[in-house]
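Breakdown of the fold
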Number of protein chains: 2
Amino acid sequence: MLSNTVKEKIISIVSPANFDDSKTGRLVYSYDATPNFQSMPDAVVSPRNKQEVSQVVKLCNEFQIPIVPRGSGTNLCAGTCPTEGGIVLLFKHMNKILEVDEENLTATVQPGVVTLDLIHAVEPKGLFYPPDPSSMKISTIGGNINENSGGLRGLKYGVTRDYVIGLEAVLPNGDIITTGGKLAKDVAGYDFTRLLVGSEGTLAVITEATLKLIPMPETKQTMLALYQDLEAAAKSVSKIIASKIIPATLEFLDQPTLKVVEDFAKIGLPTDVKAVLLIEQDGPREVVERDMARIAEVCKEEKAVSVQLAQTEAEAEALRTARRSALSALARLAPTTILEDATVPRSEIARMVNAINGIAEKYDLNICTFGHAGDGNLHPTCATDSRNHDEMERVEKAFAEIFEKAIEFGGTITGEHGVGVMKAPYLELKLGEAGIAAMKAVKMALDPNNIMNPGKVFAKDSRKRVVV
Amino acid sequence: MLSNTVKEKIISIVSPANFDDSKTGRLVYSYDATPNFQSMPDAVVSPRNKQEVSQVVKLCNEFQIPIVPRGSGTNLCAGTCPTEGGIVLLFKHMNKILEVDEENLTATVQPGVVTLDLIHAVEPKGLFYPPDPSSMKISTIGGNINENSGGLRGLKYGVTRDYVIGLEAVLPNGDIITTGGKLAKDVAGYDFTRLLVGSEGTLAVITEATLKLIPMPETKQTMLALYQDLEAAAKSVSKIIASKIIPATLEFLDQPTLKVVEDFAKIGLPTDVKAVLLIEQDGPREVVERDMARIAEVCKEEKAVSVQLAQTEAEAEALRTARRSALSALARLAPTTILEDATVPRSEIARMVNAINGIAEKYDLNICTFGHAGDGNLHPTCATDSRNHDEMERVEKAFAEIFEKAIEFGGTITGEHGVGVMKAPYLELKLGEAGIAAMKAVKMALDPNNIMNPGKVFAKDSRKRVVV
């Protein structure tokens, strides 16, 4: 609960209309896309500009009130659940595309801009903002920056981090800093731009971003390769890249995922095969045609039972949309959907898929696997029911083993979803004690009162794993 | 001076052969490529592996002895001058390419590997490591990482930061940490990989790096566009990119630079024009041909007096080599060469070149300008004499004005050379007081005893600017 003093002070900064501590208002922001971490904030605050953000942060620092900056809450690591109360900071007023600079190929945006709106805004100018998380229709750039979101085009084009070249941010002490700029190169001091990208709101509040754009690729082709053998599909992935072709998209869906997605999207996906690869290449027409022909060859050499090129853009878009709908589709299976993103070097995809299937069997769980195979970034997804305590115990153990396997194969516990609350207990698997201590030192240096999204990234010793 | 205790302890770690505190030995490492910051270390130490690095660092931390990690000392910010004494750490034993992984497209290397050796090692496998600082024949990967080095291919391919995907490093407390891995994506915790890249040896000692490789472009073409009008050359740069073409290389040389380089390299460079652009495109043949034709058109529209395509690879290589030799060539002009790298948004290149020329005239100085025009990264270079105090005062004032102009145009004080000692007094221009305070907080959190390359990045209040 906020004291009356604090409440009045916040209202005097943001105006009464932008402060909400009603039960309903708080309930709306008590959860995000991650199951089982619901927790009530004390208030929901919507600042209108960076000065207001700065004043609110300074006040929260003084009174040691947690701040949870939040975009659309589509993250999958409970990164925006107000697990320690405090205020949820919304950016509904700070949602403008401030500039698209066609000479420097940059966009300057406020954090509340919806990802797809930005992509659409630059398209007519022949420009391209590649990061495309599956939630891009509703996710915001601010959220994408905090989580360093990936997407289907990550293999060729990289992730959000690769497109953020400048930031304006409010530090926990209320200071407003700017980093980078419309600059292809900048080595003036530590790379705070990239330190803040992916810091999950635990170091600062992003109030503006300068994003790099690239020329829109001329053309794109989309292909489905079908397999009766999981391992053959996985091997195709590394063989395509070892052939020196970097496709724009190289996605994997196993049979259980395919069935569920087809049932949801009804676009005629094959459901009688063990796995498919959704492959896209973009660029100049002649290059795309050559690459796709070579990719088709590789897939056939690796025992694809069929390789089909989408014949129209509508067909291609249907395939992409189907892939993007995987989480929504899987979510219909059972009351609780746990979607993970253990990531391995791409050479280890086949071993990892096998390991996941073995673990699912061992714990008698229904785990579907899909994901960004080209990035080694898999999404093993478990349809379960959080009310079934016995099953949840097994889910917990299974995912712990999956993370351990990923690390054993040279991978990481999260490729693009972030650590949040959910994966905090596993972070040490990847970073070791020394790595965690170093990160904590940075956190404490910038946020000594631990007001910025507390409870995220760093685990409490007592924390129970995954979900309880 | 190291105490006998410390000396004996270091020798017991690295063996007597790898410890040198002779006057000659120390003299060799008392300077780097930056004029006027010579300063003697107390000893030169060459550890043989990460454990030895860790033990030496721990010892230095205990006894508060400065550590200056050093590659080949080719940096231009006095980043490796032991201005506060202590030990210089060499990596002559840690200079192996440990692995080139053709399936994951990565190389794993020790810090002492020479940049060009790595480039040559991966080439026969059809792979490409793009960062190519002009000093790449002798610079090391460790040095490149610490300085986040750029190069001629930065426009299209980015800089060192964009290719470092994993690090092993020793923190000031002696802890060995690993970050990232052979992973296209990893969001497990703060981005320490990129925090360490470009941190100029002030946060940790890099002991191993995992680098991203990309497929070698099929073909490359090289072009010279000649101008009798500086501004026309500069405008061509932004117009090429605004036409949605990102050349691999887009370099600018003004007439004074051209004359000096031709005198040095003798390859028949035109010296009767006001400026040239050296333009390269790589990729599939048909794309390169189309892009180069379009680039030639743009240059002609922008009043290039001549556009010449290199007819052979030997001719192209001569042009690139000439460009890379600019610093060496300019260094022959006068006893002291001050090479800077103020950087602006590329749309501001014309204004910046004009501003530099105006400032040179105002202070009656001989300033040549060349650089990575496509990146907005210019190298105004002053041939001077550090013994001429009157002139050095003017040089100092001129560069201060150049940095201020760069900031005014939305730029930065350093695009690729780093801050080091030399530009520390100007860092606040770019970051502001709050930005510096935040970076200092991170520095102090990881290196509370300030043993890691002290005096670099952060200015002492009393410090005189540029050179004294």
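As the structure is a prediction and not an experimental result, all values here were calculated from the model.

Once that is clear, we can look at the interface of chain B and chain A. In this assembly, 80 residues from chain B lie in contact with 80 residues from chain A. Between chain B and chain A lies a buried interface of about 6,200 Å² when both sides are counted; carbon and sulfur atoms form 61% of it. The largest contributions to the chain B side of the interface with chain A come from B:Lys185, B:Val187 and B:Tyr190, which together make up 16% of the buried area. Inspection of the chain B/chain A interface yields 12 salt bridges.

All right, on to the relation of the copies chain B and chain A then. What relates the pair of chain copies is a rotation about an axis plus a shift along that axis. Once turned by 180 degrees and shifted 0.0 Å along the axis, chain B lies on chain A with an RMSD of 0.0 Å. As the rotation angle and translation indicate, the two copies are arranged about a two-fold axis. Looking at the interface residues of chain B, 100% of them are also at the interface in chain A, so both copies use one shared face.

Residue and element names in this part refer to chain A. According to the domain assignment, chain A consists of domain 1 (4–90), domain 2 (97–215), domain 3 (219–322) and domain 4 (329–408). Each of domain 3 and domain 4 has a C-alpha centre, and the two are 22 Å apart. Facing 17 residues of domain 3, the contacting portion of domain 4 comprises 20 residues. The junction of domain 3 with domain 4 conceals about 1,600 Å² of combined surface from both sides, 67% of it contributed by carbon and sulfur atoms. Counting across the domain 3 and domain 4 interface gives one salt bridge. Between Arg 332 and Asp 263 there is a salt bridge, with its nearest N and O atoms 3.3 Å apart. Our count for the contact surface shared by domain 3 and domain 4 stands at eight residue pairs in polar contact (both at pLDDT 80 or more). At the level of elements, helix H8 (230–242), strand E13 (249–254) and helix H9 (255–265) are the ones that each hand at least two residues to the side of domain 3 that touches domain 4. Classifying every residue of the side of domain 3 that touches domain 4 by side-chain character gives 11 nonpolar, two polar and four charged.

On to the packing of helix H13 (residues 349–362) of chain A against helix H14 (residues 389–408) of chain A. Residue and element names in this part refer to chain A. For the pair H13 and H14, the least separation of the axes is 10 Å and the interaxial angle reads 160 degrees. With respect to H14, the element H13 is oriented roughly antiparallel. Helix-helix and strand crossings are classified by hand; for H13 and H14 the assignment is right-handed. Between H13, through Met 352, Ala 355, Ile 356, Ile 359 and Lys 362, and H14, the contact on the second element is made entirely by Ala 398, Glu 401, Ile 402, Lys 405 and Ala 406. Looking at the contact of H13 with H14 residue by residue, the classes come out as seven nonpolar, no polar and three charged.

We now examine empty space enclosed by the protein. The method is simple in principle: a probe with the dimensions of a water molecule rolls over the atoms, and the space it marks as empty is what remains. All told, the structure shown has seven cavities of 30 Å³ or more when counted by the stated rule. When its volume is computed, the largest cavity comes out at roughly 210 Å³. Looking at the largest cavity, it is lined by 21 residues, and the ones nearest its centre are A:Asp186, A:Asp191, A:Thr193, A:Arg194 and B:Arg161. For the lining of the largest cavity, the secondary-structure elements that each account for two or more residues are strand E9 (176–180) and helix H7 (192–196) of chain A together with helix H15 (427–446) of chain B. Take the lining of the largest cavity: its biggest share by element is three residues, from H7(A). Classifying every residue of the lining of the largest cavity gives 10 nonpolar, six polar and five charged.

Scoring rules and cut-offs
- Residues numbered from 1 in each chain as written.
- Chains lettered and ligands numbered in written order.
- Predicted model: local features only at pLDDT ≥ 70, side-chain atom pairs only at ≥ 80, totals over all residues.
- Heavy atoms only, no water.
- Contact = heavy atoms within 4.5 Å.
- Buried area = accessible area lost by both parts, 1.4 Å probe.
- Salt bridge = Lys/Arg side-chain N within 4 Å of Asp/Glu carboxyl O.
- Least-squares fit on C-alpha atoms with pLDDT ≥ 70 in both.
- Domains from an automatic or database assignment.
- Polar contact = N/O pair within 3.5 Å; in protein donor to acceptor, adjacent residues only side chain to side chain.
- Helix = DSSP H or I, 4+ residues; strand = E, 2+ residues; numbered from the N terminus.
- Nonpolar A, V, L, I, M, F, W, Y, C, P; charged D, E, K, R; others polar.
- Axes fitted to C-alpha atoms, helices over the stretch in contact; angles between N-to-C directions.
- Parallel < 35°, antiparallel > 145°, perpendicular 65-115°, else oblique.
- Left-handed = near helix turned anticlockwise from the far one by under 90°.
- 1 Å grid on protein atoms, 1.4 Å probe; cavity = no way out; pocket = protein on both sides within 12 Å on 5 of 7 lines; lining within 4 Å.
- Points joined across faces, edges and corners; volume = space filled by probe spheres on them.

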